[in-house]
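Reading the structure
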Amino acid sequence: MKRQLITFLLVFAVLDMFGQVPAAAKPDKTVSNTKAETVVNKSLRPLKKVSLDEASILIYDYDGSLFSYDLESESIVWTVKAADSFTEMCANKVTIADGVVYVPFINGEILAVDNQTGDIFWKSRLGNVTDQIVLKDQTPIIQNGKLYITAQNQNQSSNLYALNIKDGSLAWSYKFETPTNDIPPLFFGNKIFTQSGMNVYSFDANTGKVLNQKTFEEVMSGQPITDGENVFITSEKNTLFALSPQLDVVWQFKFDENQYNSKERIVSKDNNIYFAAQGSTTTSIYAVDSKTGTQLWKTDISGDNIEYITRENDNLWGYTRKKKLFELDLSNGEIAYELKLTTLPVSNIEFPNDDNLLYYYCDAGLIQFDLKEKDENVYYMRTSLKEDIYSAYLKIIR
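Because the structure is predicted, anything quoted here is derived from the model rather than measured.

When you go through the chain residue by residue, the secondary structure sums to zero helices and 35 strands. Classification of the 398 residues of the chain by burial places 59% in the buried group. Sequence separation of at least 24 residues holds for 48% of the intrachain contacts in the chain that already meet a minimum separation of 6. As displayed, the chain offers around 16800 Å² of accessible surface, 45% of which is attributable to carbon and sulfur atoms.

The strand order across the open sheet formed by three strands is β32-β33-β34, and the pairing between neighbours is antiparallel. Of all strands in the sheet, those with a lone pairing partner are β32 (357–362) and β34 (375–381), marking the two edges. Each adjacent strand pair in this sheet contributes to an overall mean axis angle of 30°, direction not counted. Examined bridge by bridge, β32 and strand β33 (residues 365–370) share six bridges and lie antiparallel to one another. When the sheet's bridge partners are listed, Tyr 361 is paired in β33 with Leu 366.

Our focus in this paragraph is the sheet that holds strand β3 (residues 56–60). Sheets are built from strands that pair by backbone hydrogen bonding, the pairs being arranged parallel or antiparallel. Strand order in the open sheet made by the four strands is β5-β4-β3-β35, with antiparallel pairing throughout. Of all strands in the sheet, those with a lone pairing partner are β5 (75–80) and β35 (393–396), marking the two edges. Neighbour to neighbour, the strand axes of the sheet diverge by 20° on average, direction disregarded. Two elements, β3 and strand β4 (residues 66–70), share five bridges in a ladder whose sense is antiparallel. Its bridge partner being in β4, Ile 59 is matched across the sheet by Phe 67.

Relative to strand β30 (residues 324–329), strand β29 (residues 315–320) runs antiparallel, the two being bridged by five bridges. Its bridge partner being in β30, Leu 316 is matched across the sheet by Leu 328. Across five bridges, the pairing between β30 and strand β31 (residues 335–340) is antiparallel. Within the sheet, the bridge partner assigned to Phe 326 lies in β31 and is Glu 338. Counted along the chain from β30 to the antiparallel partner β31, the turn is five residues long, and its residue Gly 333 has a positive phi close to 80°.

Attention now moves to the confidence of the model for the chain. Summary statistics for the chain give a mean pLDDT of 88 and a share of 88% for residues scoring 70 or more. In the predicted structure, residues 1–36 sits below a pLDDT of 50 and forms 78 contacts with residues beyond four places in sequence or in another chain.

Looking now at the nonpolar core. Within the largest apolar cluster, 19 residues are counted, with the highest numbers of intra-cluster contacts made by Tyr 102, Ile 110, Leu 126, Leu 147 and Tyr 161. Counting residues per element, the ones that place at least two in this core are β7 (100–104), β8 (109–114), β9 (120–128), β12 (146–153) and β13 (157–164). Core analysis: the next-biggest nonpolar cluster, separate from the first, contains 17 residues, Trp 78, Val 101, Val 103 and Val 113 among them.

Taken as a whole, this structure holds 15 salt bridges when the rule is applied. For Lys 136, the salt bridge goes to Asp 182, with nearest N and O atoms at 2.9 Å. Taken together, the positions of Lys 136 in the loop between β10 (131–134) and β11 (141–143) and Asp 182 in the loop between β14 (170–176) and β15 (186–188) put the pair 46 residues apart, joining distant regions of the chain. The same class applies to Lys 136 and to Asp 182, which are both buried. A salt bridge links Lys 298 to Asp 300; the shortest N-O distance between them is 3.9 Å. Looking at Lys 298, the relative accessible area reads 30%, which means it is partly exposed. One network of salt bridges, in which partners are shared, links Lys 136, Asp 137, Asp 182 and Lys 263.

What follows covers the packing of aromatic side chains. We describe a pair of aromatic rings using the distance from one ring centre to the other and the angle between the two ring planes. Per the counting criterion, the structure on display carries 28 aromatic pairs. When the centroid spacing of 6.2 Å and the interplanar angle of 50° are considered together, the rings of Tyr 148 and Trp 172 count as tilted. Of the two residues, Tyr 148 sits in strand β12 while Trp 172 sits in strand β14, which places them 24 residues apart along the sequence. Judged by its relative accessible area of 0%, Tyr 148 falls in the buried class. When its relative accessible area of 4% is taken as the criterion, Trp 172 is described as buried. What links up through ring pairs into an aromatic cluster is the set Tyr 148, Trp 172, Tyr 174, Phe 176, Phe 187, Tyr 201 and Phe 203. A cation over an aromatic ring shows up here: Lys 214 above the ring of Phe 216, its NZ or CZ 5.8 Å from the ring centre. For the cation-ring pair, Arg 382 lies above Tyr 62, with the distance from its terminal atom to the ring centre recorded as 4.2 Å.

The rules behind each value
- Residues numbered from 1 in each chain as written.
- Predicted model: local features only at pLDDT ≥ 70, side-chain atom pairs only at ≥ 80, totals over all residues.
- Heavy atoms only, no water.
- Helix = DSSP H or I, 4+ residues; strand = E, 2+ residues; numbered from the N terminus.
- Buried < 20%, exposed > 50% of the residue type's maximum accessible area, 1.4 Å probe, protein only.
- Contact = heavy atoms within 4.5 Å.
- Areas by Shrake-Rupley, 256 points an atom, 1.4 Å probe, with all protein chains shown as cover.
- Pairing = 2+ DSSP bridges.
- Axes fitted to C-alpha atoms, helices over the stretch in contact; angles between N-to-C directions.
- pLDDT = per-residue confidence, 0-100.
- Core = buried A, V, L, I, M, F, W, Y, C linked by side-chain atoms within 4.5 Å.
- Salt bridge = Lys/Arg side-chain N within 4 Å of Asp/Glu carboxyl O.
- Phe/Tyr/Trp six-rings, centres within 6.5 Å; stacked < 30°, edge-to-face > 60°.
- Lys NZ or Arg CZ within 6 Å of the ring centre and 35° of its normal.

This is the structure we're talking about:
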């Protein structure tokens, strides 16, 4: 994935951004308060639970369109896109809850979509024409009837939003003073944890009330995760912090000084934290005991940078900037599988119910990779290519 996001048009006219509304649809509703940015939502049909189309995979293409692809018939079932044609880019992830797909677009639009048909339950738009909102690197968090997401705007500030999932209306919002916050928040213990600049916050998930705020000496840029007891977050430099739910520092772990910025490359399992830290010459994956902050093991990958990691059962999978696919044993950090790919992944990795297969997206389309045969099968081929590819996202419906 490219490290730099292409220049984004912040000023444009919002022309009929949500299209035509059926006669039965509710009227537009705009909600704002002193701390919140404007949220415009349209409810097109009542939200309901939907059975899963388990033959399909969701593909959030790098041109900004989201479509459902039937893996059996090898055909596209439905497609949705943002109303604004100037923002043809995938910069976020999607979440499925009760058969409803929640998809954020980079221009501030959020849709709730039926996973079977692609029918839209509701549409929301964060921000307005004079204060344009940008959604980037976000995964919608769905909990307790709300959708939680963070956003940036052109006025050098960022916002945390809670939307009602029944219709996309604003439940509450909080405005930060720092300009960037492109890490998804964490829901834990009926609280929302997130960071902005040098600050880490906890909010009451229902009301948006600030419960705790802690200021650090360095920018906090890692994705917060939890082991069910504490919250873990890395700084922009080389520190992993363990924080209590009240944001007291339980312990801190310093990794190599020439490494930094794990961002979203962090996972937890069985009271251990695993994360990848970038470096100028070496990328390392660390395993740290979540109770004590003691290093358990460290695996170095020289001359390359790790773009992505994920946990699958008892192993850690990932790929590097130079097309190296790898699998690590979580118990000792030893490399269990390693291969140089011919295609460069630009998405996450998805694992079907087949131990020999995995899926990822590249510039040419969807790749089904056979681990045993070491074969990169182009399962879905795009009809056109873009010069600027930021990212893509896959999610098997199950």
